[in-house]
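What follows is each chain in one-letter form.
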Amino acid sequence: MGPRVLIVEDQTPVAEQINDFLEWIGCRIIGRVKDGSEAVSAYNDLSPDLVTMDLVMPGMNGVEATKSIVSNHSEAKVLIFTSLDVGDNGEEENEMVTKALEAGAVGAVCKFSKDGILKELKRLFPDELDL
Amino acid sequence: MYMVFDDLETTDQELISDILPSPYIGLMDELDEMIAVIDSDMRIVRTNLAFLRTLEAATDKLAGKDVWLVLCPDQGKELTASIMNRMRISRSTRAEIQLGGGGPGSRIIDLDIKQVRSNGSIDGWILTGKDLTDRGQIVRELEEVRDDLSTLFEGVNECVLQVRDGKIIDWNRTASTRLSFPGTEMMGLGLSSILTSYKNEGINGKPNSFGDIPDGIYRCLTRDGRDFPAEVHAVTSSKGSGYVFIRDVTSQIKKETRMKLLAEVVETTDDAIIVTDGELVITSVNRGLEAMFGEERKDLVGKTLGDVGFLISTSRTLDELSGKISRGETWSGYVKVKVPSDEEREVSMMAWPIMSATDHGIATIIHLRDITDRLSMERNLELMSSLLSHDVKNFDRAITDNLEMLKMGIYGELDDRKSRVVDRILGQSRELNALLKNARSILQSWEGEVKLEPLDLRSMIHWAADMVSSSYSARRLEIEIDLKDGPVLVMADMLLKDVFQNLIDNSMKNSVDDTVISIKGEAIGPEGYRLYIKDNGKGIPVEMSERLFDRFTSTGGTGSGLGLYLVKRLIERYGGSIELDKREDACFRIDLVRSKKEYELVLNTIEPREQRSLGDLKIIRYTRYGEVFFKVGSWTYGQKEIGSLSKTELVERFGWNLACAIKKATSDIHIDGTFRYDLDGRQFRIVES
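Small disclaimer: the values here were computed from a predicted structure and weren't measured. (Residues numbered from 1 in each chain as written. Chains lettered and ligands numbered in written order. Predicted model: local features only at pLDDT ≥ 70, side-chain atom pairs only at ≥ 80, totals over all residues. Heavy atoms only, no water.)

**Student:** Any chance you could explain a negative patch on the surface here in plain terms?
**Tutor:** Together, Glu141, Glu143, Glu144, Asp147 and Asp148 of chain B make up a negatively charged patch on the protein surface. Structurally, glutamate 143 of chain B can be placed in helix α8 (residues 133-155). (Patch = residues over 30% accessible without salt bridge, like charges linked within 9 Å, V, L, I, M, F, W, Y side chains within 5 Å. Areas by Shrake-Rupley, 256 points an atom, 1.4 Å probe, with all protein chains shown as cover. Salt bridge = Lys/Arg side-chain N within 4 Å of Asp/Glu carboxyl O. Lys, Arg positive; Asp, Glu negative; His and termini not counted. Charge placed at Lys NZ, Arg CZ, Asp CG, Glu CD. Helix = DSSP H or I, 4+ residues; strand = E, 2+ residues; numbered from the N terminus.)

Listed below in structure tokens is the structure:
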């Protein structure tokens, strides 16, 4: 059985995309929320194996949500899903990625990069996913 | 006095005394001239006090003595005989004698001798003497002064002419040279031969009238037919003689003309200019300021900057400005101003102090330019750039992503027809992606100042190639790089990768099978680097070569036509150039500016964090501050323990342009020490700390 995943993404089409892809590779999507505070509550309720965390969201952003989740659940695996790709110069989002990693996220990946997502999931769940 | 003596008639010596009653005798003693009454034997009857003073004698010593023995004891008998003869013959005789024999202290006396006759015979003479010694001294001194003046005039840079009755009688060396009159050719020339007014008239219509030269600017004519503007000043005596000073003012007039032109430019520019004195009190403003703020200059002169109504400034700004100006420094900044419509505008302001030779501020020039519209445009550009960089890009990526997922079969297998449609849409989507990317880059190239830094050329090329090849998964891209005289650092910014991305992408589009690109480079001079970029594609049609870099000129593929336009724009932004190499088909020749400085890489000592390790490092940029940034190639964390590599291995593995993390998330490299790039030897050396 693949990992149980909570998707945190404020844009519905993107959330659906991530949902479809992760399911296709064998993950089980147990929840989808649209902002950081919902993510914190959902984690408490659902205890997912993995949280895919968007950064720029209304209300509580991905950095604050990561901090909150990790500080209360040291075993949490929060994977940052950024819109930045290799060669991008998004200074502000770069900074947020850095802060999220400092806050305890286990990694960061471009949400549009299938290869990248696959590699991260392979790394984090080498036995649970047959990739 | 002479008339009294001329009218005198008497009979004998006593009468001479008698006819000089006491008042006249007293009067004689009042006179400065020497007076002696001598008898028919030329013996002294009486003298006045001046006579005695001059001879330093007492009265009783002279009476009855031969006047010539008294006056000229040492002078020759011929002189006295000649005078005596003339005295007997003429009623009035003049003679000049030297009292004291010509030695030091001798005095020159001019004698005027009048006969006194009665009944046809000479009764005696009245002898009057004027001491010319001092006058002679004055004349000699004047002559010495004149000689000194001549010497002085010889040394001055002005032309000096000595003139008498309107004619030149002498001149200094400068005059001879400047007016091109060799030798004595100027002698006797009238002034009008040399000076004329600018209306080609003679000097006040009287060419030779020396007394009619008012001070002013004249046209000075030289012998060889040239002329120059001259400032003329005449110093005249009452007898039509004197000196004329002529100063060549050509360079002064040129300077004044330039100043007038400059003043005209300052007055007519649209920018506002304020001139203040050393205390920042306004002394003048230009038309631009009047127009910008609707204020008349007469209402502004005399006010300080703090008092003018249009300047919305804090006292801190004015204090800062005042402080810098008083230290002789330039001040620049942005201030808010109020214009006649009561609107607030943003204005860039610069103030330059003008200092005296003693470092004292004597004036300040303040320049103001309304930049409100420019700032507004920049903000709009920033907004557009931000939209393109983030929002539009995200939507674009989402479209591509969904299509890729469709193609992957996530939503079920596609038949051939549907698969072809998806491929077509994916192709269009990639084009859109490339177009948006180029549009973003163009906007970025318009924004703000150009800040260039040294970038490793090889790294940039590899990076661009990786980006492009990842979009063409079914085709192979091979890049052969041969960069001589390396390592090569060129002055550019991060958009340099877009240059190579566009060129490589063009090559991919214009070739059918696998693409092979050859990039060769060599140094040109100490500051340039030349690249030749050639691919194995079909080449560029000759008719396109002239318009190749124009906007919306496609090279025959499916591109939007912005790629090469962007490439040229960026390369020129870096001070370089790009053109088609005339010697070879489909070969671009790019010249870039090489970085000159020797840089010292300082890698921070950073504590390793958790056992995270990093994937391959891709070189991003190298800054002038000695910091090099890198970024993980795909944000993927592999199993390599970068921290365990030694400094030397790290350098050997990643090249001289070593990556150093300053963002803590990627600061897993545990390195300390200093790495120095030796520009001369083009070696990267490790200097052990």
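**Student:** Just to check I follow, could you spell out the pairing of strand β16 (residues 344-355) of chain B for this structure?
**Tutor:** For a regular strand, side-chain orientation follows a simple rule: the groups alternate between the two sheet faces. Residues and elements named next belong to chain B. Where strand β15 (residues 331-338) meets β16, eight bridges bridge the pair, whose relative direction is antiparallel. The residue bridging lysine 336 from the neighbouring strand is glutamate 346, located in β16. Taken together, β15 and the strand that follows it, β16, pair antiparallel across an intervening segment of five residues, in which aspartate 342 is found at a positive phi of about 75 degrees. By the bridge criterion, nine bridges tie β16 to strand β17 (residues 361-370) in an arrangement that is antiparallel. The partner of methionine 349 across the bridge, within β17, is leucine 368. Connecting β16 to the antiparallel partner β17 that follows it, the hairpin turn spans five residues, and aspartate 359 within it adopts a positive phi of roughly 60 degrees. (Pairing = 2+ DSSP bridges.)

**Student:** What is the right way to look at a positive patch on the surface in this model?
**Tutor:** Residues and elements named next belong to chain B. A surface patch of like charges, here positive, comprises Arg417, Lys418, Arg420 and Arg424. Structurally, arginine 420 is set in helix α15 (residues 416-446). Overall, arginine 420 belongs to the exposed group, its relative accessible area being 53%. (Buried < 20%, exposed > 50% of the residue type's maximum accessible area, 1.4 Å probe, protein only.)

**Student:** Hey, could you run me through the sheet that holds β16 of chain B in this one?
**Tutor:** Strands pair in a sheet through their backbones, by hydrogen bonds, and they do so in one of two ways: parallel or antiparallel. Residue and element names in this part refer to chain B. Overall, antiparallel pairing links the six strands, which are arranged β13-β12-β17-β16-β15-β14 in an open sheet. Edge positions in the sheet fall to β13 (282-285) and β14 (311-312), since each of these pairs with one other strand and no more. Sitting on the sheet, helix α13 (residues 315-326) touches β14, β15, β16 and β17, and the angle it makes with β16 is about 20 degrees. (Contact = heavy atoms within 4.5 Å. Axes fitted to C-alpha atoms, helices over the stretch in contact; angles between N-to-C directions.)

**Student:** Could you clarify how one ought to interpret helix α5 (residues 114-124) of chain A in this entry?
**Tutor:** The periodicity of an α-helix, 3.6 residues per turn, causes residues three or four places apart in sequence to face the same way. Looking only at α5 of chain A, the buried set comprises Lys114, Gly116, Ile117, Glu120, Leu121 and Leu124 of chain A. Buried residues in α5 of chain A, looked at end-on, bunch into an arc of 165 degrees, giving them a common side. (Arc of directions from axis to C-beta.)

**Student:** How do you make sense of a nonpolar patch on the surface when you look at a structure like this?
**Tutor:** Residues and elements named next belong to chain B. Taken together, the side chains of Met350, Trp352, Ile354, Ile362 and Ile365 present a nonpolar region at the surface, about 390 Å² in accessible area. Within the residue set of the nonpolar patch, elements represented by two or more residues are β16 and β17. It is β16 that contributes the most residues to the nonpolar patch, three residues altogether. Mapping isoleucine 362 onto the fold places it in strand β17. Looking at isoleucine 362, the relative accessible area reads 45%, which means it is partly exposed.

**Student:** Before we go on, may I ask you to explain the pattern of salt bridges in this structure?
**Tutor:** Close approach of charged atoms allows side chains of opposite charge to pair. All names here are of chain B. By the definition in use, this model includes 32 salt bridges over all chains. The partner of arginine 223 in a salt bridge is glutamate 185, and the shortest N-O contact between them spans 2.6 Å. Here glutamate 185 lies in the loop between α9 (173-178) and β8 (195-196) and arginine 223 lies in the loop between β9 (216-221) and β10 (227-236), a separation of 38 residues in the sequence. Across the salt bridge formed by lysine 568 and glutamate 572, the nearest N and O atoms sit 2.9 Å from each other. With lysine 568 and glutamate 572 both in helix α18 (residues 563-573) and four residues apart, this pair spans about one turn of that helix. The partly exposed category is assigned to lysine 568, whose relative accessible area is 26%. Judged by relative accessible area, which is 42%, glutamate 572 ranks as partly exposed. The network of salt bridges with shared partners includes Glu267, Arg287, Glu290 and Arg297.

**Student:** Would you explain the environment of glycine 294 of chain B in this entry?
**Tutor:** Residues and elements named next belong to chain B. Counting through the fold element by element, glycine 294 comes out in the loop between α11 (287-293) and α12 (297-300). Sequence separation between glycine 294 and lysine 338 is 44 residues, and the spatial gap between their C-alpha atoms is 9.9 Å. Apart from the residues within four sequence positions on either side, glycine 294 is in contact with Leu289 and Pro340.

**Student:** Would you mind going over the confidence of the model for chain A with me for this structure?
**Tutor:** Interpretation of the predicted coordinates at a detailed level should be avoided for regions scoring low in pLDDT. Averaged over all residues, the pLDDT of chain A is 87; the fraction at 70 or higher stands at 90%. Put simply, helix α4 (residues 91-103) of chain A is where chain A has its lowest mean pLDDT, 75, and strand β1 (residues 4-8) of chain A is where it has its highest, 97. (pLDDT = per-residue confidence, 0-100.)

**Student:** Looking at this structure, I do not really get the packing of α15 of chain B against helix α17 (residues 496-509) of chain B. What am I missing?
**Tutor:** A packed helix pair is summarised by two numbers, namely the angle formed by the two axes and the spacing between the axes. Residue and element names in this part refer to chain B. Packing of α15 against α17 brings their axes to within 12 Å, and their N-to-C directions diverge by 155 degrees. Here α17 runs roughly antiparallel to α15, going by the angle between their axes. Of the two elements, α15 crosses α17, and the hand of that crossing is left-handed. Listed contacts from α17 to Glu431, Lys437, Asn438 and Ser441 of α15 are Asp498, Gln501, Asn502 and Lys509. (Parallel < 35°, antiparallel > 145°, perpendicular 65-115°, else oblique. Left-handed = near helix turned anticlockwise from the far one by under 90°.)

**Student:** How should the state of the cysteines be read in this particular structure?
**Tutor:** Throughout this description, disulfide means a covalent bond between two cysteine sulfur atoms. All names here are of chain B. Inspection of the entire model under this criterion finds zero disulfides over all chains. Of the cysteine sulfurs around cysteine 220, a residue in no disulfide, the closest is that of cysteine 159, at 6.0 Å. Taking the relative accessible area as the measure of exposure, cysteine 220 reaches 0% and is therefore buried. (Disulfide = S-S within 2.5 Å.)

**Student:** I'm lost on the sheet that holds strand β23 (residues 577-580) of chain B in this one. Help?
**Tutor:** Residues and elements named next belong to chain B. The mixed open sheet is built from five strands, whose spatial order is β19-β21-β22-β24-β23. Strand pairing shows two members of the sheet lacking a second neighbour, β19 (477-483) and β23, which therefore form its edges. Within the sheet, the average angular offset between the axes of one strand and its neighbour, ignoring direction, is 15 degrees. Here eight bridges tie strand β21 (residues 515-524) to strand β22 (residues 528-535), and the two strands are oriented antiparallel to one another. Within β22, the residue paired with isoleucine 519 across the bridge is isoleucine 533. Contacting β19, β21, β22 and β24 (587-593), helix α16 (residues 457-469) crosses the sheet at an angle of about 175 degrees to β19.

**Student:** Would you mind showing me how to read the nonpolar core here?
**Tutor:** Here is a general trend for soluble globular proteins: nonpolar side chains tend to be buried in one another's company. Residues and elements named next belong to chain B. Counting 46 residues, the largest nonpolar core has Leu457, Leu496, Phe500, Ile504, Leu531, Ile533 and Phe588 as its most contacted members. Per-element accounting of this core gives the leading share, eight residues, to α16. Once you skip the residues sitting within four places of it in the chain, leucine 457 turns out to touch Leu483, Val488, Val490, Leu496, Phe500, Tyr529, Leu531 and Leu592. (Core = buried A, V, L, I, M, F, W, Y, C linked by side-chain atoms within 4.5 Å.)

**Student:** What is the right way to read the side chain of lysine 114 of chain B from this model?
**Tutor:** All names here are of chain B. Position of lysine 114 relative to the elements: it lies in strand β4 (residues 107-118). By relative accessible area, which is 12% here, lysine 114 ends up buried. A polar contact is formed between the side chain of lysine 114 and the side chain of serine 92, at a distance of 3.1 Å. A distance of 3.2 Å separates the side chain of lysine 114 from the side chain of aspartate 112, its partner in a polar contact. (Polar contact = N/O pair within 3.5 Å; in protein donor to acceptor, adjacent residues only side chain to side chain.)

**Student:** Would you mind going over the packing of aromatic side chains with me for this structure?
**Tutor:** Centre distance and the angle of the planes are the two values used to describe a pair of aromatic rings. In total, this model carries three aromatic pairs over all chains according to the counting rule given. Ring plane angle 35 degrees and centroid distance 6.1 Å describe the contact between phenylalanine 21 of chain A and tryptophan 24 of chain A, whose orientation is recorded as tilted. Of this pair, phenylalanine 21 of chain A and tryptophan 24 of chain A both sit in helix α1 (residues 12-24), three residues apart, which is roughly one turn of that helix. Residue classification places phenylalanine 21 of chain A among the buried positions, given a relative accessible area of 2%. Put simply, the rings of Phe153, Tyr243 and Phe245 of chain B pair up and form one aromatic cluster. Lysine 114 of chain A extends its terminal NZ or CZ atom over the ring of phenylalanine 21 of chain A, reaching a point 5.4 Å from the ring centre. Across the ring face of phenylalanine 228 of chain B, the terminal group of arginine 178 of chain B is positioned such that the distance to the ring centre comes to 3.9 Å. (Phe/Tyr/Trp six-rings, centres within 6.5 Å; stacked < 30°, edge-to-face > 60°. Lys NZ or Arg CZ within 6 Å of the ring centre and 35° of its normal.)

**Student:** Explain helix α3 (residues 62-72) of chain A here, please?
**Tutor:** Looking at α3 of chain A, one finds that the buried residues are Gly62, Val63, Ala65, Thr66, Ser68, Ile69 and Val70 of chain A. If you check the start of α3 of chain A, you find a side-chain oxygen 3.0 Å away from the backbone N of valine 63 of chain A, and it comes from asparagine 61 of chain A.

**Student:** Teacher, can you tell me more about unusual backbone geometry here?
**Tutor:** For residues besides glycine, phi is generally negative; the peptide bonds are generally trans as well. Residues and elements named next belong to chain B. Backbone geometry places asparagine 119, a non-glycine residue, at a positive phi of 50 degrees. The topology assignment puts asparagine 119 in the loop between β4 and β5 (121-131). In this structure asparagine 119 comes out as exposed when scored by relative accessible area, which is 76%. For serine 180, which is not a glycine, the phi torsion comes out positive at approximately 60 degrees. Structurally, serine 180 can be placed in the loop between α9 and β8.

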